[in-house]
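Chain by chain, the residues:
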Amino acid sequence: MIKGKKILLIAPFNARGGREIEACLIAEALLKNNFEPLLVCTTFFPKKHLMHDHLNQKYFNSVYRKLLKHPIILFFAGISMLKNKFKYGISAFASNAWSKRYGKFDMYYEDEIVQLIKNAQVALFLGQLTSPGLKQISIACNQEKIPLIFRMTGVLDSSFRVPDYIKNVSTFVHQSESNFSSNLTAVNPNFHLIDQCALAEEQLLCIPPLNSKIKNYLVIGELGEAKGTRILASYFCKYGLESETLTFIGTSEELEDLRNEYRSKSNIVFAGQIRNTELFEYFSKSHCLIIGSNTRNSFETGPLVGVEAMASGRIIISTRVGAMSDRLEGTNNQFWFDRENEHSFEKVLSHVRNLSKNDAQEISIQIKERYMEKYKKDIIQRHYIELIKKYA
């Protein structure tokens, strides 16, 4: 391995989710192994982004930011920013109707992608088949003969027509065998299995196993239909006890409406967004994580919060979303429910509530040990480094 090989991690890094945390973990591993990572957003980075809490900003860039060097793009971005009352930084407005029509936006965008690819030894894309920039990245990698590793962060619908340019991908990375479908493997059968780990692992592993009855429940993720926020809140209103609490961590445009709607329910709390470093406090106070993601129309492959709960030794009530069934296979943590069936939730909540202290502790220890065995940070990072070394 030659010191300083450049690895491009590129994705639509515009959320506060597993993709962004995973990119930080990969970049951290690359730096430890004398690679030079560059994390590039295919659109723009918000001013405050969780990734900036974990890595030096010198490792970050965005395609929209790079496009501002073109006077015509900068001019139209400034007009768009004024029109939108400075809602975001100027790079957020690089793509607009004027720049696309009069500013040769698409041509400049493709040029920037090509230059990024040319300067890398390996490109690692984190996203979905519908993510912005994927087509240009795939074509550029093929033209420049740069290996492309595709970390899919969404489950593919079996009816989706996989585009031909996906043949250019050197290998896919999936979190579990539940995450890929025959229509994808028919076009490109190359894949590796690498799951997620907790970014705040050291803190979470220090949380002692449960030694009490289950009373405090936790839901983590963006508030909305995909995570089942309103469904879980309504079910807990019906079947939760006054002595039990349900805390939602996360935000969206629905946050204030939800707070107002459940203001009279003192045992249902909407705490808003927290830093990843604050997870320790909330997992320490909780006994059980609830994952209410939609399994029928879900594109989730994890979720990340599942392995964070395992590291914490917290019992997990979940829909069978993403990799959760594989992660908990063979453990006594088998608390599944169908979120479309409230009696399914009532039954599993009652089951967990009635666990003895000893049973709760045994399961807590078991899933923490499962995390240590399969999902520790050094294990996951080693898998990525071994994979990247094959192509770098």
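Residues numbered from 1 in each chain as written. Predicted model: local features only at pLDDT ≥ 70, side-chain atom pairs only at ≥ 80, totals over all residues. Heavy atoms only, no water.

### Points about helix H14 (residues 342-353)
Item 1. For H14, built from twelve residues, the straight-helix expectation of 16 Å at 1.5 Å per residue is met to within 8% by its first-to-last C-alpha distance of 16 Å.
Item 2. Against strand E8 (216-220), helix H9 (229-239), strand E11 (288-291), strand E12 (315-318) and strand E13 (335-336) lie the buried residues of H14.
Item 3. In this structure Asn 341 caps H14, since a side-chain oxygen of it lies 3.0 Å from the backbone nitrogen of His 343. (Helix = DSSP H or I, 4+ residues; strand = E, 2+ residues; numbered from the N terminus. Expected span 1.5 Å × (residues − 1). Contact = heavy atoms within 4.5 Å. Polar contact = N/O pair within 3.5 Å; in protein donor to acceptor, adjacent residues only side chain to side chain.)

### Concerning the pattern of salt bridges
Item 1. On inspection of all chains with the given rule, the structure shows 17 salt bridges.
Item 2. In this structure, Arg 19 engages Glu 20 in a salt bridge whose closest nitrogen and oxygen atoms are separated by 3.7 Å.
Item 3. Arg 19 gets classed as buried once you look at its relative accessible area, which sits at 19%.
Item 4. Between Glu 22 and Arg 151 there is a salt bridge, and its shortest N-O distance comes to 2.7 Å. With Glu 22 in helix H1 (residues 18-32) and Arg 151 in strand E5 (residues 148-152), this pair connects stretches of sequence that are 129 residues apart. No difference in accessibility class separates Glu 22 from Arg 151, as the two residues are buried. (Salt bridge = Lys/Arg side-chain N within 4 Å of Asp/Glu carboxyl O. Buried < 20%, exposed > 50% of the residue type's maximum accessible area, 1.4 Å probe, protein only.)

### Some points on the sheet that holds E11
Two strands in a sheet stick together by hydrogen bonds in their backbones, pointing the same way (parallel) or opposite ways (antiparallel).
Item 1. In spatial order, the strands read E10-E9-E8-E11-E12-E13; together these six strands make up an open sheet with parallel pairing. The sheet terminates laterally at strand E10 (268-272) and E13, the two strands that pair on one side only.
Item 2. The pairing of E11 with E12 spans four bridges and is classified as parallel. Opposite Ile 291, over in E12, you have Ser 318 as the bridge partner.
Item 3. Against the sheet, H9 contacts E8, strand E9 (245-249), E10 and E11, and its axis sits at roughly 170° relative to E9.
Item 4. Sheet contacts for helix H12 (residues 304-312): E8, E11 and E12; angle to E11, the most-contacted strand, approximately 165°. (Pairing = 2+ DSSP bridges. Axes fitted to C-alpha atoms, helices over the stretch in contact; angles between N-to-C directions.)

### Quick notes on the sheet that holds strand E7 (residues 191-193)
Item 1. Strand order in the open sheet formed by seven strands is E3-E2-E1-E4-E5-E6-E7, with parallel pairing between adjacent strands. Two strands bound the open sheet, and with one partner strand each, they are strand E3 (60-62) and E7. Averaged over all neighbouring strand pairs, the angle between strand axes comes to 25°, with direction disregarded.
Item 2. Examined bridge by bridge, strand E1 (residues 6-11) and strand E4 (residues 122-127) share four bridges and lie parallel to one another. Opposite Leu 8, over in E4, you have Ala 123 as the bridge partner.
Item 3. In the packing of H1 onto the sheet, the strands contacted are E1, strand E2 (36-41), E4 and E5, and the crossing angle to E1 comes to about 175°.
Item 4. Lying on the sheet, helix H6 (residues 134-144) is in contact with E1, E4 and E5; it crosses E5 at an angle near 155°.

### Details of the packing of aromatic side chains
Item 1. Throughout the structure, instances matching the rule amount to 19 aromatic pairs.
Item 2. Measuring from centroid to centroid gives 6.3 Å for Tyr 88 and Phe 93, while their planes differ by 40°, and the two rings are tilted.
Item 3. Its relative accessible area of 40% is what places Tyr 88 among the partly exposed residues.
Item 4. Residue classification places Phe 93 among the buried residues on the basis of a relative accessible area of 8%.
Item 5. Centroid distance Phe 105 to Tyr 109: 5.9 Å. Interplanar angle 35°. Geometry classified as tilted. Of the two residues, Phe 105 and Tyr 109 are both situated in helix H5 (residues 105-118); the distance of four residues between them amounts to about one turn of the helix.
Item 6. With a relative accessible area of 6%, Tyr 109 lands in the buried category.
Item 7. A network of ring pairs unites the aromatic residues Phe 44, Tyr 64, Tyr 88, Phe 93, Phe 105 and Tyr 109 as a single cluster. (Phe/Tyr/Trp six-rings, centres within 6.5 Å; stacked < 30°, edge-to-face > 60°.)

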